[in-house]
Amino acid sequence: MRRIRVLRRLLKKMRDAKKIDKHIYHSLYMLSKGNQFKNKRVLLETIHDKKREMAQEKALIEQAEARKSRARARLERKAAKEAAKSSVESTD
């Protein structure tokens, strides 16, 4: 029981300090309730892993969004160029 209290206290402190969000807090709280963490160090390692995964996912989403916006801009430029070309041909 003492170990569970220590883990829950750590999770609460990290959530209050905004080091982890409520989603990570809840998932890790339930894992600690289920006796998944042997000690505080293992819990901290898991927290760092989760934060790293979230950062990687966020970076990938940003890269995909940048790629989409570049493609959208390229298509708009191409359409504008073809529209200008067709307007020039129709005036001839």
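We now turn to the structure provided with this report. (Residues numbered from 1 in each chain as written. Predicted model: local features only at pLDDT ≥ 70, side-chain atom pairs only at ≥ 80, totals over all residues. Heavy atoms only, no water.)

With respect to the side chain of S32
To be explicit about the condition: We count a stretch as a helix when DSSP gives it H or I for four or more residues in a row; a strand needs E for two or more, and each element gets its number in order from the N terminus. The contact rule is simple, with two residues in contact once any of their heavy atoms fall within 4.5 Å.
On the secondary structure map, S32 appears in helix 2 (residues 22-33). Once you skip the residues sitting within four places of it in the chain, S32 turns out to touch I4, L7, L11 and F37.

Considering the packing of aromatic side chains
Cut-off, in case you're wondering: When two rings of Phe, Tyr or Trp (its six-membered ring) have centres within 6.5 Å they constitute a pair, described as stacked for plane angles under 30 degrees, edge-to-face for angles over 60, and tilted for the intermediate range. To sort residues, take the accessible area from a 1.4 Å probe on protein chains only and compare it with the maximum for the residue type: under 20% means buried, over 50% means exposed, and anything in between is partly exposed. Whether a charge sits over a ring depends on NZ of Lys or CZ of Arg being within 6 Å of the ring centre and within 35 degrees of the ring normal.
Across all of its chains, the model carries one aromatic pair by this definition. Here Y25 and Y29 contribute two aromatic rings whose centre-to-centre distance is 5.7 Å and whose plane-to-plane angle is 40°, an arrangement assigned as tilted. Here Y25 and its partner Y29 are both found in helix 2, four residues apart, which amounts to about one turn of the helix. Assessed through its relative accessible area of 15%, Y25 is described here as buried. Above the plane of the ring of Y25 lies R15, whose end atom (NZ or CZ) is 4.2 Å from the centre.

A closer look at the packing of helix 2 against helix 3 (residues 40-91)
What counts is decided by this rule: A fitted line through C-alpha atoms serves as each axis, taken over the contacting stretch for helices, and the angle formed by two N-to-C directions is quoted from 0 to 180°. Crossing handedness is read from the near helix: turned anticlockwise from the far helix by less than a right angle, it gives a left-handed crossing, and turned clockwise, a right-handed one. Charged means Asp, Glu, Lys or Arg here, nonpolar means Ala, Val, Leu, Ile, Met, Phe, Trp, Tyr, Cys or Pro, and polar covers whatever is left, Gly included.
Between helix 2 and helix 3, whose axes approach to 11 Å, the crossing angle comes to 145°. Note that helix 2 runs across helix 3; the crossing there is right-handed. The segment helix 2 lies against helix 3, with I24, S27 and L28 engaging L43, T46, I47, K50 and M54. A class-by-class count of the residues in the contact of helix 2 with helix 3 yields five nonpolar, two polar and one charged.

Some words on a positive patch on the surface
Cut-off, in case you're wondering: Residues with no salt bridge and a relative accessible area higher than 30% make up the patches, which join like charges within 9 Å and nonpolar side chains (Val, Leu, Ile, Met, Phe, Trp, Tyr) within 5 Å. Computed with the Shrake-Rupley method and a 1.4 Å probe, the accessible areas treat only the protein chains shown as cover for residues. A carboxyl oxygen of Asp or Glu within 4 Å of a side-chain nitrogen of Lys or Arg is what we treat as a salt bridge. Only four residue types enter the tally: Lys and Arg on the positive side, Asp and Glu on the negative side, with His and both chain ends excluded. Positions of charges follow a simple convention, taking NZ of Lys, CZ of Arg, CG of Asp or CD of Glu.
Residues R67, R70, R74, R77 and K78 make up a contiguous surface patch of positive charge. With respect to the secondary-structure elements, R77 resides in helix 3.

Describing helix 3
Put simply, the rule is: Any helix carries an expected span of 1.5 Å times its number of residues minus one. The definition of a polar contact used here is a pair of N or O atoms within 3.5 Å, where within protein one atom must be able to donate a hydrogen and the other to accept one, and adjacent residues in sequence count solely through side-chain atom pairs.
Under the 1.5 Å per step criterion, the end-to-end length of helix 3 is 77 Å for 52 residues, consistent within 8% with the ideal 76 Å. Contacts from the buried residues of helix 3 go to helix 1 (2-16) and helix 2. For helix 3, the N-terminal capping position is held by N39, with its side-chain oxygen 3.3 Å away from the main-chain nitrogen of R41.

Things to note about the environment of D16
Within the secondary structure layout, D16 lies in helix 1. Distance in space between the C-alpha atoms of D16 and R2 is 21 Å, their sequence separation being 14 residues.

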